[in-house]
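What the coordinates show
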Amino acid sequence: LRKICLFPEKFMNELTEFYNSYADLTFLEYQKVNRTAQLSFHTPPVLTRELEHTFSPYARSNPEETLEIIDLLWNSEYLEPRQFASTLLGALPISYYSQVLERIQKWSVSLVDEDLVSIFHNKATLTIRRERSDLWIKTLALWIQSQDPMQEKMAVMGLLPFLNDPDFSNLPIIYEFL
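Residues numbered from 1 in each chain as written. Predicted model: local features only at pLDDT ≥ 70, side-chain atom pairs only at ≥ 80, totals over all residues. Heavy atoms only, no water.

Below, the discussion takes up the nonpolar core. Counting 47 residues, the largest nonpolar core has Phe 84, Leu 89 and Trp 136 as the members making the most contacts within it. For this core, the element with the most residues is helix H6 (residues 79-91), which contributes 6 residues. What Phe 84 contacts, discounting residues up to four positions off in sequence, is Phe 11, Leu 15, Tyr 19, Leu 51, Glu 52, Phe 55 and Leu 73. (Core = buried A, V, L, I, M, F, W, Y, C linked by side-chain atoms within 4.5 Å. Buried < 20%, exposed > 50% of the residue type's maximum accessible area, 1.4 Å probe, protein only. Helix = DSSP H or I, 4+ residues; strand = E, 2+ residues; numbered from the N terminus. Contact = heavy atoms within 4.5 Å.)

Shown next as structure tokens:
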């Protein structure tokens, strides 16, 4: 894993080759002709889960190096590397809240695929929601009060992971937002 930090571009190339080796090529060709949604390799979900499981501890112990990798992953035009970036972003320590929040705000604006928006907000906010839900709620409150439709949308999308989390029980806060 240490080699990733030394050669992040090489890591991206090898990861793309990895995804390509498991890709469903029938979908890839169709997507290239009909650009209607987020490009995807259509790899088996178990591959993404295994990558996330393997690299999340690395993100927690090497946050600075991981941020560079996250940015490279996010710049991919394919769904799976972006999902992976979201997971790594959500695995960063809470002390990196400002860097995580900066990326959430910046990247949420550019998202058009509703499935990716949902995945992104669910995975990228994991550590924040678990360790400092009060901080995340304050951020969502600022967004909802901004009068900017995009930030209001981001606030609503940021609430959805709370609704799906069985450990979250502060429903009055959700009702207040609604």
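What follows picks up the thread again.
Okay, a nonpolar patch on the surface next. A contiguous nonpolar patch, built from Leu 160, Leu 163, Leu 171, Tyr 175 and Leu 178 and spanning about 540 Å² of accessible area, is present on the exposed surface. Mapped by element, the contributors of at least two residues to the nonpolar patch are helix H11 (149-163) and helix H12 (171-177). With respect to the secondary-structure elements, Leu 178 resides in the segment after H12. Overall, Leu 178 belongs to the exposed group, its relative accessible area being 77%. (Patch = residues over 30% accessible without salt bridge, like charges linked within 9 Å, V, L, I, M, F, W, Y side chains within 5 Å. Areas by Shrake-Rupley, 256 points an atom, 1.4 Å probe, with all protein chains shown as cover. Salt bridge = Lys/Arg side-chain N within 4 Å of Asp/Glu carboxyl O.)

Considering the arrangement of structural elements, one finds Met 157 in helix H11. Taking the C-alpha atoms as reference points, Met 157 and Lys 138, separated by 19 residues in sequence, lie 14 Å from one another. Aside from chain neighbours lying at most four places away, what touches Met 157 is Val 117, Ser 118 and His 121.

What follows is about the environment of Ser 118. Structurally, Ser 118 is set in helix H8 (residues 114-124). Once the C-alpha coordinates of Ser 118 and Leu 142 are considered, the two residues, 24 residues apart in sequence, prove to be 20 Å apart.

Now for helix H2 (residues 8-22). An ideal rise of 1.5 Å per residue puts 21 Å on 15 residues; H2 measures up with 21 Å between its terminal C-alpha atoms. Among the residues making up H2, those that are buried are Pro 8, Phe 11, Met 12, Leu 15 and Tyr 19. Considered in projection along H2, the buried side chains sweep an arc of 100 degrees and stay on one side of the axis. Opposite its buried face, H2 presents the exposed residues Glu 17 and Ser 21, each directed more than 90 degrees away. (Expected span 1.5 Å × (residues − 1). Arc of directions from axis to C-beta.)

Bringing the confidence of the model for the protein into the picture now. Averaged over all residues, the pLDDT of the protein equals 87, while 90% of them reach at least 70. Per-element confidence in the protein is highest for H6, whose mean pLDDT is 95, and lowest for helix H1 (residues 2-6), whose mean pLDDT is 59. (pLDDT = per-residue confidence, 0-100.)

Before going further, it helps to examine the packing of H2 against H6. Two elements in contact, H2 and H6, have axes whose closest approach is 10 Å; the angle formed by their N-to-C orientations is 125 degrees. Judged by the angle between their axes, H2 and H6 are oblique. In this structure, the crossing between H2 and H6 has a hand that is right-handed. The residues of H6 that touch H2, namely those facing Phe 11, Leu 15 and Tyr 19, are Glu 80, Pro 81 and Phe 84. (Axes fitted to C-alpha atoms, helices over the stretch in contact; angles between N-to-C directions. Parallel < 35°, antiparallel > 145°, perpendicular 65-115°, else oblique. Left-handed = near helix turned anticlockwise from the far one by under 90°.)

If charged atoms from side chains of opposite charge come close, those side chains can pair. Taken as a whole and judged by the stated rule, the model has 4 salt bridges. One salt bridge in this structure joins Glu 14 and Lys 10, with 2.5 Å as the shortest N-O distance. Of this pair, Glu 14 and Lys 10 both sit in helix H2, separated by 4 residues, roughly a single helical turn. The partly exposed category is assigned to Lys 10, whose relative accessible area is 48%. Between Asp 71 and Arg 103 there is a salt bridge whose closest N-O contact spans 2.8 Å. Placement of Asp 71 in helix H5 (residues 63-74) and of Arg 103 in helix H7 (residues 97-110) is noted, with a sequence separation of 32 residues between them. In this structure Asp 71 comes out as partly exposed when scored by relative accessible area, which is 25%.

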